[in-house]
Amino acid sequence: MPKQPDRINLLGLSPSGLETFFESIGEKRFRATQVLKWLHQQGASSFDEMTNISKSLRQKLAEVADIREPEVVLEKISTDGTRKWVIRMDGGSSIEMVLIPEGSRKTLCVSSQVGCALDCSFCSTGKQGFNRNLSAAEIIGQLRVAIRSFGPFDPKDERRVTNVVFMGMGEPLLNFDNVVAATELMMDDNAYGLSKRRVTISTAGVVPAIDKLAGLSDVSLAVSIHAPNDALRDQLVPVNRRYPLKELIASCNNYLKHLNDKRVITVEYTLMEGVNDQPEHATQLLKVLRKMPSKLNLIPFNPFPNSGYNKPSADAIARFKQIIVNGGIITTVRKTRGDDVDAACGQLVGQVEDRTRRSQKYLSVLQLDASDETLTHAGEG
Ligand code: SAH
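Residues numbered from 1 in each chain as written. Predicted model: local features only at pLDDT ≥ 70, side-chain atom pairs only at ≥ 80, totals over all residues. Heavy atoms only, no water.

(A) Representation of the overall build of the chain in the model. Within the chain, the regular secondary structure consists of 13 helices and 14 strands. Each of the 381 residues in the chain was classed as buried or not, and the buried ones make up 56%. Excluding contacts between residues fewer than 6 apart, the proportion of contacts in the chain whose partners are at least 24 apart in sequence is 67%. (Helix = DSSP H or I, 4+ residues; strand = E, 2+ residues; numbered from the N terminus. Buried < 20%, exposed > 50% of the residue type's maximum accessible area, 1.4 Å probe, protein only. Contact = heavy atoms within 4.5 Å.)

(B) Region of interest: the packing of helix α5 (residues 136-148) against helix α6 (residues 176-187). Between α5 and α6, whose axes approach to 8 Å, the crossing angle comes to 35 degrees. Classified by chirality, the crossing of α6 by α5 is right-handed. Every residue of α6 that contacts α5 at A136, I139, I140 and L143 is listed here: N178, V179, A181, A182, L185 and M186. Looking at the contact of α5 with α6 residue by residue, the classes come out as 9 nonpolar, 1 polar and no charged. (Axes fitted to C-alpha atoms, helices over the stretch in contact; angles between N-to-C directions. Left-handed = near helix turned anticlockwise from the far one by under 90°. Nonpolar A, V, L, I, M, F, W, Y, C, P; charged D, E, K, R; others polar.)

(C) Structural view of the site of the ligand. G170, S202, S224, H226 and N302 are the nearest of the 22 residues found near the ligand. With respect to the ligand, the backbone of A204 contributes an N or O atom lying 3.4 Å from an oxygen atom. In this structure, an oxygen atom belonging to the ligand sits 2.7 Å away from a side-chain N or O atom of H226. Protein chains shield 96% of the accessible area of the ligand, which is 530 Å² for the free molecule. (Near = heavy atom within 4 Å. Polar contact = N/O pair within 3.5 Å; in protein donor to acceptor, adjacent residues only side chain to side chain. Areas by Shrake-Rupley, 256 points an atom, 1.4 Å probe, with all protein chains shown as cover.)

(D) Spotlight on the pairing of strand β10 (residues 199-203). Across the 5 residues of β10, 5 count as buried, placing the element largely inside the fold. Here β10 shows a buried face lined by V199, I201 and T203 and a second buried face lined by T200 and S202. Across 3 bridges, the pairing between strand β9 (residues 163-166) and β10 is parallel. Note that in β10 the partner of V165 across the bridge is T200. As a crossover connection, the stretch from β9 through α6 into β10 is right-handed. Of the pairings in the sheet, the one linking β10 to strand β11 (residues 220-224) comprises 4 bridges and is parallel in character. Of the residues in β11, the one forming a bridge with T203 is V223. Assessed by its sense of winding, the connection that carries the chain from β10 through helix α7 (residues 207-213) to β11 is right-handed. (Pairing = 2+ DSSP bridges. Right-handed = clockwise from strand over helix to strand, strands pointing away.)

(E) Helix α11 (residues 314-326), seen in detail. A rise of 1.5 Å per residue sets the reference length of α11, with its 13 residues, at 18 Å; its end C-alpha atoms lie 18 Å apart and thus fit the reference within 8%. A316, I317, F320 and I324 are the residues of α11 that are buried. In an axial view of α11, the angular spread of the buried residues amounts to 100 degrees, which keeps them on one side of the axis. Looking at α11, the residues exposed on the side facing more than 90 degrees away from the buried face are A314, D315 and N326. Where α11 is buried, its residues touch β12 (265-271), α10 (279-289), β13 (294-300) and β14 (331-333). Looking one or two places after α11, you find G328, whose phi comes out positive at around 90 degrees. (Expected span 1.5 Å × (residues − 1). Arc of directions from axis to C-beta.)

(F) Structural detail: unusual backbone geometry. Here H226, not a glycine, exhibits a phi torsion of approximately 65 degrees, which is positive. Turning to its location among the elements, H226 is positioned in the loop between β11 and α8 (230-236).

Take it as geometry only, folks, not as evidence of what the structure does.
In structure tokens form, the structure reads like this:
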């Protein structure tokens, strides 16, 4: 493994983190705003480009800091316009990222971890096991890569990336600090300036982390439910054994209560034939959805080799949807996109090294003690 420079990568510092950094090197805090704009609005890759900063400060910065973006190893464009990248991170592991165009909306699906420890039964990322958390720089670097793929950097160009969802590899709330720092940059007017309604963290339901997020951030929240009762959810989403539906719903309601606008939780429900797609599941799910302000996003299962699951028929999907719609809940069915480049949900596998050992360590920490500290640090090392 090549030795990494120990200079601090400024790409990953949140707006307040950058102010603290400038203070720590004896400079004024307002430098943070200047540098934020250079990094995230101009796409600067060197300090030399920062022409409103004195040469001596630029030199000082080059000594203690750098600007390191993850390396793109592959870019594919699907016939439906979906773009997919394989991106190599420090240390050699790679992750996948997708940009999905739909009308004027371009949604970037970013990864937060290399692999995932949660082991949901139908997710191919989970089958890869867990390797490590991505740094904030590696997360925000994904957005930079996507924006630059359209030509010279211009994040104000609305047409490039309009929405970001943390629905790639990993459980974002188990990489709490780095994900929060990255979302702050995404939503900051001096950086990417995306609206808080257009940046969404998707979680399998790590309740203490949702509670920690409440009041700290106003990012939008999606929750992967996938089953309308604990018995089934315990099987499909094992983290449910630790944080059952009732606690999850209470935590979601608490999160919404802390927001100063009216928003709903996006509930994700992957439909698997004969598993959770029956009318009685829909009826039960409706009761769950009524316990919090929500809208439903149905995801027909995306197959991968040896998954053991199938996608339901179009009729079964339509029937399921109708029951929920009749109950008055806004429901969308996610179209399968980027199929020809393996870019659909749950098909993002990247290349995960050294997986089993780390996964076990990670999960055992989670089950024994999911206090704030372990949530933030369990994945490191
Ligand atoms: N850990 C986060 C992000 C995961 S990926 C979470 O659980 O929300 C985003 C969504 O894709 C999740 O709802 C996940 O359950 C779903 N998904 C995973 N594998 C899938 C598959 N094979 N087919 C359809 N959806 C899948």
